[in-house]
Amino acid sequence: MQASSDTPLVELRNVSLSYGSGRERIPALEDVTLSIGKGEFVAVVGPSGCGKSTLMKLVTGLMPPTAGEVRVHGQTVKGPIRGVGMAFQAPTLMPWRTTRDNILLPLEVVEPHKRRFRKNKAEYVERVEKLLASVGLGGFGDKFPWQLSGGMQQRSSLCRALVHEPEILMLDEPFGALDAFTREELWGVMQALWLERRFTAVLVTHDLREAVYLADTVYVMSRRPGRIVKLRNVDLPRPRRLETTFEPRFVEIVHELRERIHLEHA
Ligand code: ADP
């Protein structure tokens, strides 16, 4: 069955998830309903342990919900979905592979690239070089990860997450371990990649400025068990720049989100 064009790409309908069972049962998410349009950039913010990573695992089908339904392209998710790229707080690059070979890795393991890999390697290498150039790492393909700074490693892991041209990019605090200057630089890199490729992005972050800089829609989650307590559309024009973060409209949205999160800590 083909989903119609106005079907959201991702839908969570009254989704709950608990870890463990009986006395050990930990309710992590409760009655979460949300929908993400194709090409939308969504950020999820909330207190530590509120279920943000759990939400990522549900969307990608790595875990089934305890109750409710997760749909992608209008179809109920029953296992890990295809067409996903992921980037995490730790860059997780393999130290024995060059940057180029690290980025090529998904093409070696994900179909249909896997079966074409040997024959089309030159074309894939060219794709990696283009990606590296687009994140400001042109010419660094031969370097090993340990020869790169933290920010450069994280740029490389964004390339690796995108090299197979996934429809959905899941970002779990990808800039969380970087210093403030590098982090802000990478917001610009991330935005440029998204504006060029228009994948659907789901960003989990603690950083409200990061959420507002990058997202079309910010969801605020409650303390555990995580529920959606606020949806905020960010209608600031793009491309957003660092200067945008000092503008009253931007600051106002950040304050509004911060106030809502503070209620969770009260
Ligand atoms: P966040 O990403 O917002 O920090 P998580 O989704 O990782 O939160 O976790 C939500 C809650 O579920 C946390 O309180 C965590 O301790 C609990 N939790 C996460 N994974 C497991 C697990 N495998 N078994 C038991 N509890 C878990």
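From a predicted model like this one, the values you see are computed outputs, not experimental measurements.

**Student:** How do you make sense of the sheet that holds strand 2 (residues 26-36) when you look at a structure like this?
**Tutor:** Pairing between sheet strands relies on hydrogen bonds along the backbone, with the strands arranged either parallel or antiparallel. Sheet architecture is open: four strands sit in the order 2-1-4-5, paired in antiparallel fashion. In the strand order of this sheet, the two ends are held by strand 2 and strand 5 (75-76), each with one partner. Summarising the sheet, strand 1 (residues 10-19) and strand 4 (residues 67-72) pair through five bridges and their orientation is antiparallel. Paired with glutamate 11 across the strands is arginine 71, a residue of strand 4. Together, strand 1, strand 2 and strand 4 form the strand contacts of helix 1 (residues 52-59), whose direction differs from that of strand 1 by roughly 120 degrees.

**Student:** Would you explain the nonpolar core in this entry?
**Tutor:** Among soluble globular proteins, nonpolar side chains are generally buried collectively. Phe41 and Met190 are the most contacted members of the largest nonpolar core, which has 49 residues in total. With six residues, the top contributor of residues to this core is helix 6 (residues 180-197). Those residues within four positions of methionine 190 in sequence are excluded, and the remaining contacts are Phe41, Leu158, Leu169, Leu171, Phe175, Phe199 and Leu214. Counting residues in each nonpolar core, the second largest holds 28 residues, with Met63, Val70, Val202 and Met221 among its members.

**Student:** Would you mind going over the side chain of serine 222 with me for this structure?
**Tutor:** Locating serine 222 in the fold gives a position in the loop between strand 9 (217-221) and strand 10 (228-233). At 3.3 Å, the side chain of serine 222 and the backbone oxygen of proline 225 are in polar contact. Sequence-distant contacts of serine 222, defined by excluding residues within four places in its chain, comprise Pro47, Cys50, Arg227, Val229 and Glu264.

**Student:** Looking at this structure, I do not really get the packing of aromatic side chains. What am I missing?
**Tutor:** Aromatic ring pairs are reported here in terms of the distance separating the ring centres and the angle at which the planes meet. Evaluated as defined, the whole model comprises four aromatic pairs. Relative to tryptophan 194, the ring of phenylalanine 41 lies with its centre 5.9 Å away and its plane at 75 degrees, an arrangement referred to as edge-to-face. With phenylalanine 41 in strand 3 (residues 41-45) and tryptophan 194 in helix 6, this residue pair connects regions lying 153 residues apart in the sequence. What makes phenylalanine 41 buried here is its relative accessible area of 0%. Taking 5.3 Å as the distance between ring centres and 50 degrees as the angle between the ring planes, the aromatic pair formed by tryptophan 187 and tyrosine 213 counts as tilted. Taken together, the positions of tryptophan 187 in helix 6 and tyrosine 213 in helix 7 (residues 208-214) put the pair 26 residues apart, joining distant regions of the chain. Grouping residues by exposure puts tryptophan 187 and tyrosine 213 together as buried. The ring of tryptophan 194 carries the charged tip of arginine 198 above its face, separated from the ring centre by 4.2 Å.

**Student:** Explain the packing of helix 2 (residues 99-109) against helix 4 (residues 121-134) here, please?
**Tutor:** At a minimum axis separation of 10 Å, helix 2 and helix 4 run at an interaxial angle of 120 degrees. Crossing of helix 2 against helix 4: the hand is right-handed. Contacts between helix 2 and helix 4 involve Thr99, Arg100, Ile103, Leu104 and Leu107 from the former and Lys121, Tyr124, Val125, Arg127, Val128, Glu129 and Leu132 from the latter. A breakdown of the residues in the contact of helix 2 with helix 4 according to their chemical character gives seven nonpolar, one polar and four charged.

**Student:** Mind showing me how you'd approach helix 5 (residues 150-162) here?
**Tutor:** For the α-helix, the turn length of 3.6 residues means that residues three or four positions removed from each other point alike. Its 13 residues place the ends of helix 5 19 Å apart at the C-alpha level, agreeing with the 18 Å of an ideal helix rising 1.5 Å per residue. Burial runs high along helix 5: 12 of the 13 residues are buried. Every buried residue of helix 5 is listed here: Gly151, Met152, Gln153, Gln154, Arg155, Ser156, Ser157, Leu158, Cys159, Arg160, Ala161 and Leu162. Next to the buried residues of helix 5 lie strand 6 (84-88), helix 2, helix 4, strand 7 (168-172) and helix 6.

Quick notes on the rules
- Residues numbered from 1 in each chain as written.
- Predicted model: local features only at pLDDT ≥ 70, side-chain atom pairs only at ≥ 80, totals over all residues.
- Heavy atoms only, no water.
- Pairing = 2+ DSSP bridges.
- Helix = DSSP H or I, 4+ residues; strand = E, 2+ residues; numbered from the N terminus.
- Contact = heavy atoms within 4.5 Å.
- Axes fitted to C-alpha atoms, helices over the stretch in contact; angles between N-to-C directions.
- Core = buried A, V, L, I, M, F, W, Y, C linked by side-chain atoms within 4.5 Å.
- Buried < 20%, exposed > 50% of the residue type's maximum accessible area, 1.4 Å probe, protein only.
- Polar contact = N/O pair within 3.5 Å; in protein donor to acceptor, adjacent residues only side chain to side chain.
- Phe/Tyr/Trp six-rings, centres within 6.5 Å; stacked < 30°, edge-to-face > 60°.
- Lys NZ or Arg CZ within 6 Å of the ring centre and 35° of its normal.
- Left-handed = near helix turned anticlockwise from the far one by under 90°.
- Nonpolar A, V, L, I, M, F, W, Y, C, P; charged D, E, K, R; others polar.
- Expected span 1.5 Å × (residues − 1).

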